[in-house]
Amino acid sequence: MNRELLLMVDALSREKNVPKETVFQALESALASATKKRFKEKAEVRVSIDRESGDYDAFRRWQVVDNPEIEDEGHQVTITDAKDRDPELSIADHIEEPLEPVEFGRIGAQAAKQVILQAIRDAERAQILEDFLSRDDKLVTDQIKRIERGNVIIESGRIEAVIPRDQLIPKENLRVGDRVRALVLRVEPQARGPQLVLSRTDNEFLIRLFELEVPEIEEGLLELKSAARDPGVRAKIAVKSNDPRLDPIGTCVGMRGSRVTSVTNELAGERVDIILWSPDPAQFVINALAPAEVSSIVVDEEKHSMDVVVDEENLAIAIGKGGQNVRLASELTGWELNLMSQEESQEKQKGETERTAKLFIKRLDVDQEVAYILIQEGFSTIEEIAYVPLNEMLEIEAFDEETVQELRSRARNALLTDAIVREENLDKASEDLLALEGMDAETAGLLATKGVTTRDNLADLAVDELTELIGIPPSRGL
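A short tour of the structure in this document, coming up. (Residues numbered from 1 in each chain as written. Predicted model: local features only at pLDDT ≥ 70, side-chain atom pairs only at ≥ 80, totals over all residues. Heavy atoms only, no water.)

**Describing the nonpolar core**
Quick reminder of the rule: Residues enter a nonpolar core if they are buried and are Ala, Val, Leu, Ile, Met, Phe, Trp, Tyr or Cys, with the set joined through side-chain atoms within 4.5 Å. Only protein chains enter the accessibility calculation, which uses a 1.4 Å probe; a residue is then buried when its area is under 20% of its type maximum, exposed when over 50%, and partly exposed in between. In this description a helix means any DSSP run of H or I spanning at least four residues, a strand means any run of E spanning at least two, and both kinds are numbered starting from the N terminus. For this analysis, residues touch if any pair of their heavy atoms sits within 4.5 Å.
One finds Phe360, Leu374 and Ile385 to be the most contacted residues of the largest nonpolar core, which totals 22 residues. Listing elements by their share of this core, those giving two or more residues are helix 12 (342–364), helix 13 (368–376), helix 14 (382–387) and helix 16 (401–426). Beyond its immediate sequence surroundings of up to four residues, Ile385 is in contact with Phe360, Leu364, Leu374, Phe379, Met393, Leu407, Arg408 and Ala411. One finds Phe210, Val214, Leu222 and Val239 within the second-largest nonpolar core, a separate group that totals 21 residues.

In structure tokens form, the structure reads like this:
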């Protein structure tokens, strides 16, 4: 049998394009499975095949467990009994006992054959998938083999892949036999081996389709920066030209719209807006909100948000049906966008101005006139007044040097007082609050000054209450 075994391993390895070691391991597993049938009780068997000669040895194994923990005598032994055999054994080690080679008979041989073939099929499937992934193909195009519970199964060569129901374009009518194109999303482990998962709704699918249609992208003349989709309805894609002579939008649209039409047809009629990318975030947002015209933008770097002001007649266009336009623009640019009319903007600005003026009057002990001068010059926090370069404040015509120095001194004293109060209140904060992941001493001190000294107190606060209480942006997690 030894020579025949080696020849069989070699033949299977060549035929199925899998490593010999994989076949040997499958054969060892099959022989061990067949050997177990000799025992009435549950037994653990190991088979070792000599890779050179084809000879094999079988061993029955017992795992060493603590004295009271033995659950199955068929493959477990207590540490006391194990040390009688070998004093150097410890818990979790294995004891092995050689078994005589046996003739497996027709049933045993059949079981061994099934184990071997299944293991080789699994290895072959994994090898095919690995070869596919090594080519770094991002798109798969082939016929639909079947549809199971809304999931579309396609075959690409010798690879079977699935498009889950939630990765299909809504209301798309696909049938068995249709050719379909999809993005390689991920590889998921399954009982029968790794499964290739595809998507037709992912943002990157849109980018890959344009790369197929627009050769200038592969040549490096154009660059796709980001994409946002409402699958099957509308999408936005940002494009940048690396050649000043090239019109990026016109190039993506193509002659008589041929290129963008091909992409739209592939996406079941999804309308695609091609947006000119800009390194200036505000300009990028203005471009992304097209066709609405933007009147003004206020950027908040700390919260990574923008207040976008449009006139009344453009407000509905900027928002879009069901908020679609502003939602896609926000996803495309990566900024939180707050759309508002001129009137709403003025009301918001007036409210913020009044709050800032009250803060300056109270903390700096100044009159209303001085507070509003500071606001008009662009100051919105005590920190800015305390630490802005002296020469910048001296440029304010309404203040002389003595007034500037006094304002800076009062601002720094106010900040120092706040720091002392926070430090004192920090002692009131409970251990569980301080141990909370993401909590730092400054935040804990701010919370304590507002009466929030325990984790339970913090849990009782809504997100907007917490944001208003200490000015933590909603995007920050504790």
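**Focus on the environment of Asp93**
Topologically, Asp93 is positioned in the loop between helix 3 (79–85) and strand 4 (94–99). A relative accessible area of 29% means that Asp93 is categorised as partly exposed. In contact with Asp93, not counting residues within four places along its chain, are Trp62, Gln63, Val64 and Glu88.

**Observations concerning the sheet that holds strand 12 (residues 271–276)**
Two modes of strand pairing occur in sheets, parallel and antiparallel, and in both the strands are linked by backbone hydrogen bonds. Rules: Two strands qualify as a pair provided that DSSP identifies no fewer than 2 bridges between them. The convention used is that axes are lines fitted to C-alpha atoms, helices contributing only their stretch in contact, and that angles between N-to-C directions extend from 0 to 180 degrees.
Judged by pairing direction, the sheet is mixed, and its three strands sit side by side in the order 10-11-12 without closing on themselves. Every other strand in the sheet has two partners, leaving strand 10 (222–230) and strand 12 as the edge strands with one partner each. On average, each strand axis in the sheet is inclined to that of its neighbour by 20°, with strand direction left out of account. Across eight bridges, strand 10 lies against strand 11 (residues 234–241) in antiparallel orientation. Pairing of Asp230 across the sheet is with Arg234, part of strand 11. Here helix 5 (residues 203–213) sits on the sheet and contacts strand 10, strand 11 and strand 12; the angle it forms with strand 10, its principal contact strand, is near 140°.

**Side note on helix 13**
Residue pairs three or four apart in sequence face the same way in an α-helix, which turns once every 3.6 residues. Listed in full, the buried residues belonging to helix 13 are Val370, Ala371, Ile373, Leu374 and Ile375. Looking one or two residues past helix 13, Gly378 carries a phi angle of roughly 100°, positive in sign.

**Comments concerning the sheet that holds strand 15 (residues 336–340)**
Judged by pairing direction, the sheet is mixed, and its three strands sit side by side in the order 13-14-15 without closing on themselves. Lying at the two open borders of the sheet, with one neighbouring strand each, are strand 13 (296–300) and strand 15. On average, each strand axis in the sheet is tilted by 20° relative to the strand beside it, whichever way the strands run. Two elements, strand 13 and strand 14 (residues 305–309), share five bridges in a ladder whose sense is antiparallel. If you follow Val299 over to strand 14, its bridge partner there is Met306.

**Topic: the pairing of strand 5 (residues 139–148)**
A regular strand places its side chains so that they alternate between the two faces of the sheet. Across four bridges, the pairing between strand 5 and strand 6 (residues 151–156) is antiparallel. Bridge pairing in strand 6 places Arg146 opposite Ile153. The turn linking strand 5 back onto strand 6 is made up of two residues, and Arg149 within it adopts a positive phi angle of 50°.

**Quick notes on the packing of helix 10 (residues 312–319) against helix 11 (residues 324–333)**
What counts here: Residue type decides the class: Asp, Glu, Lys and Arg count as charged, Ala, Val, Leu, Ile, Met, Phe, Trp, Tyr, Cys and Pro as nonpolar, and the leftover types, Gly among them, as polar.
Where helix 10 meets helix 11, the closest approach of the two axes is 5 Å, and the angle between their N-to-C directions is 65°. Contacts between helix 10 and helix 11 involve Ile317, Ala318 and Ile319 from the first element and Gln324, Asn325 and Val326 from the second. Here the contact of helix 10 with helix 11 is composed, by residue class, of four nonpolar, two polar and no charged.

**Observations regarding the packing of aromatic side chains**
As a reminder of what qualifies: Centre distance within 6.5 Å is the pairing criterion for rings of Phe, Tyr and Trp, where only the six-membered ring of Trp is used; planes under 30 degrees apart are then read as stacked, over 60 as edge-to-face, and the remainder as tilted. Here, over-ring charges are defined by two tests on the NZ atom of lysine or the CZ atom of arginine: distance to the ring centre within 6 Å, and angle to the ring normal within 35 degrees.
By the definition in use, this model includes one aromatic pair. On the numbers, 6.4 Å between centres and 65° between planes, the contact of Trp277 with Phe284 is edge-to-face. One Lys or Arg, Lys225, reaches over the ring of Trp277 and ends 4.6 Å from the middle of that ring.

**Brief notes about a negative patch on the surface**
For clarity, the threshold we go by: Residues enter patches when they are more than 30% accessible in relative terms and free of salt bridges; like-charged ones are connected within 9 Å and nonpolar ones (Val, Leu, Ile, Met, Phe, Trp, Tyr) within 5 Å. Only the protein chains shown count as cover for residues, and all accessible areas are computed by the Shrake-Rupley method using a 1.4 Å probe. Criterion for a salt bridge: a side-chain nitrogen of Lys or Arg within 4 Å of a carboxyl oxygen of Asp or Glu. Counting rule applied: Lys, Arg positive; Asp, Glu negative; His and chain ends not counted. To locate a charge, take NZ of a lysine, CZ of an arginine, CG of an aspartate or CD of a glutamate.
On the surface, Asp50, Glu52, Asp55 and Asp57 cluster together to form a negatively charged patch. Secondary-structure assignment places Glu52 in the loop between strand 1 (44–49) and strand 2 (56–65).

**Comments concerning helix 12**
Counted only if it meets this: Multiplying 1.5 Å by the residue count of a helix minus one yields the expected span of that helix.
Across its 23 residues, helix 12 extends 32 Å between first and last C-alpha, which sits within 8% of the 33 Å expected from 1.5 Å per residue. What helix 12 keeps buried is the set Ser345, Gly351, Thr356, Ala357, Phe360 and Leu364. Where helix 12 terminates, the next one or two residues include Asp365, which has phi positive at roughly 55°.

**So, the pattern of salt bridges**
Following the criterion strictly, the structure yields 24 salt bridges and no others. Residues Arg61 and Glu96 are paired through a salt bridge, measuring 2.9 Å at the closest nitrogen-oxygen approach. Highlighted residues: Arg61 in strand 2 and Glu96 in strand 4, separated in sequence by 35 residues. Looking at Arg61, the relative accessible area reads 18%, which means it is buried. Here Arg234 ties to Asp273 by a salt bridge, and the two come within 2.7 Å at their closest N and O atoms.

**Side note on unusual backbone geometry**
Note the cis peptide between Ala290 and Pro291, where omega equals 15°. As for its placement among the helices and strands, Pro291 is situated in the loop between helix 9 (281–288) and strand 13. Positive phi is not limited to glycine here, since Arg149 has a value of about 50°. In this structure, Asp365 is a non-glycine residue whose phi angle is positive, near 55°. Note on placement: Asp365 falls in the loop between helix 12 and helix 13.

**A closer look at the packing of helix 9 against helix 11**
For the record, the criterion: Left-handed describes a crossing whose near helix is turned anticlockwise from the far helix by less than a right angle; the clockwise case is right-handed.
Close contact between helix 9 and helix 11 brings their axes to 9 Å; oriented N to C, the two are set at 145°. For the crossing formed where helix 9 meets helix 11, the hand is right-handed. In this structure, helix 9 uses Phe284, Val285 and Ala288 to contact helix 11, whose residues at the interface are Asn325, Ala329, Leu332 and Thr333. Of the residues assigned to the contact of helix 9 with helix 11, the class counts are five nonpolar, two polar and no charged.

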